[in-house]
Amino acid sequence: MGKQQRKQEKTSKKWANLPVSMDEIVSVNIHGIGSSGEGVGKVQDFTVFVPFALPGETVTVKITTLKKTYAVGQLVSVDMPADNRIEPKCELYGTCGGCQLQHITYEGQLALKTQKVRDVIERIGHLNPDLVKPTKGPENPWAYRNKMQMPVGGTKQHIKMGFYAMGSHDIVQGTNCLIQRDENNQIAQVCYDTVVHLSIEPYNELTGEGILRHVIGRIGESGWMVILVTTSESLPNADKWVAAIREQLPQVTSIVQNMNPKKTNVILGPKNILLYGDEYIRDSIKDISFNLSPHSFFQVNPEQTTVLYDQALTYADLQGDETVIDAYCGTGTISLFLAHKAKHVIGIEIVEPAILDARENAKRNGFTNTEFIVADAAVEMPKLYKNGVRPDIIVFDPIRAGCKEEVLTSAVAMEPKKIVYVSCNPATMARDIAILVDNGYELQEVQPVDMFPMTSHVECVALMSRVQK
């Protein structure tokens, strides 16, 4: 018996008791939605995930991945479609990995996202799902992204620039994205035409060779920024790049070359060279303005960012005499919103450049009641407590991984009246809420906000209050 035959026999025995097998065509009834927007169904109580399938549908799928506790199926046909299924608007949908929900009406998307948050509050948080309010979405769910970043690949003879295919780093050619603002699509097309015209060697992820890695566009109120990410300081025909962009896109006020020589999935390197114009562009959220450099973090959907931050302010219900800690403050966006009404706001962030931006943002907008500290919140908050700081409100806005447990326990020790939790990952938020509930806090309400229509992502703001002893 050959090695391959023995391997196939071993695999067959391993999955012998499962109701499905690799490459099998099966019918699946979809009853739920997964964390990445895929349909979730059952075959004899065995879970099957099906991208692009919707709850309530009966679909035919081909099993493409098989594990001990679940399978993944490729959609072959929709035999009984859901009432809210529609035709996607984008011709690249299903190939490009950027969107996951274009095949459902926008009202349906909002309902799915509400249910997603309800599910984790009940399953992970062990709390009442009725505390979750209906998701707030924008009037227009298209053309909202003020920042685009497109990888560049292929060869000098056949340059590719566009979007990563679903689940891979294969580049799907395309410069017109329907969830991007049209200004970014203009930047993308001009840059692609320039790459082709100048025969710039594209980056090869496998070998690390080539020059141009990414093209990034940022749209602000003061102008547009173009960022060309290269592997070295050498950008052939840099003057022609500048001339082509300026001639066709006079709205561009900043052209920057960013250098990233490492073999990494991180897009930007540490060094920038200004090729034309200003180092920054300016944008604002309501009445607070921000200078944006290539490295600056800024929400990509300003309209819904206002909804998100207004909700956080509503939950905080500041009266003007409160001390507030913003435990993951980033560049200070939420901190400055809070500073409008609080007596004193302390922002904590471990990334030093972000704190420098936060201090500059506060200074430029005239805030004198803010303090920004470079530190790990898990280390700094116990220090603040030891020094007698007793915040009335603590705001969390952590990364997708959620809060460190030391941060939560430090927050509990400070006994704030309220905790406002802003989250980009409902599952880790629910986990952290459960910890806070076990330590004397009560969940009052959760408001989902759709920052990224057409995708599976949903952001939330949760309000917790200290239980009176």
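K.L.:
Account for the sheet that holds strand β1 (residues 25-33), with residues named and values stated.
P.N.:
The strand order β1-β2-β3-β5-β4 describes a closed barrel built from five strands, whose pairing is mixed. In this sheet, neighbouring strand axes are inclined to one another by 50° on average, regardless of whether the strands run parallel or antiparallel. Across three bridges, strand β3 (residues 46-50) lies against strand β5 (residues 70-80) in parallel orientation. Paired with Phe49 across the bridge in β5 is Val72.

K.L.:
Account for the sheet that holds strand β20 (residues 441-449), naming residues and giving values.
P.N.:
Spatially, β17-β16-β15-β18-β19-β21-β20 is the arrangement adopted by the seven strands of the open sheet, whose pairing is mixed. Both edges of this open sheet fall to β17 (370-374) and β20, since each of them pairs with a single strand only. Going from strand to strand, the sheet's axes swing by 15° on average, the running direction of each strand aside. Here four bridges tie strand β15 (residues 323-326) to strand β16 (residues 344-349), and the two strands are oriented parallel to one another. Within the sheet, the bridge partner assigned to Asp326 lies in β16 and is Gly347.

K.L.:
Tell me about unusual backbone geometry, residues and numbers included.
P.N.:
The phi dihedral of Ala143 falls on the positive side, at around 55°, and the residue is not glycine. With respect to the secondary-structure elements, Ala143 resides in the loop between α2 (106-123) and β6 (147-154). Accessibility expressed as a relative area gives 37% for Ala143, which makes it partly exposed.

About the cut-offs
Residues numbered from 1 in each chain as written. Predicted model: local features only at pLDDT ≥ 70, side-chain atom pairs only at ≥ 80, totals over all residues. Heavy atoms only, no water. Pairing = 2+ DSSP bridges. Helix = DSSP H or I, 4+ residues; strand = E, 2+ residues; numbered from the N terminus. Axes fitted to C-alpha atoms, helices over the stretch in contact; angles between N-to-C directions. Buried < 20%, exposed > 50% of the residue type's maximum accessible area, 1.4 Å probe, protein only.

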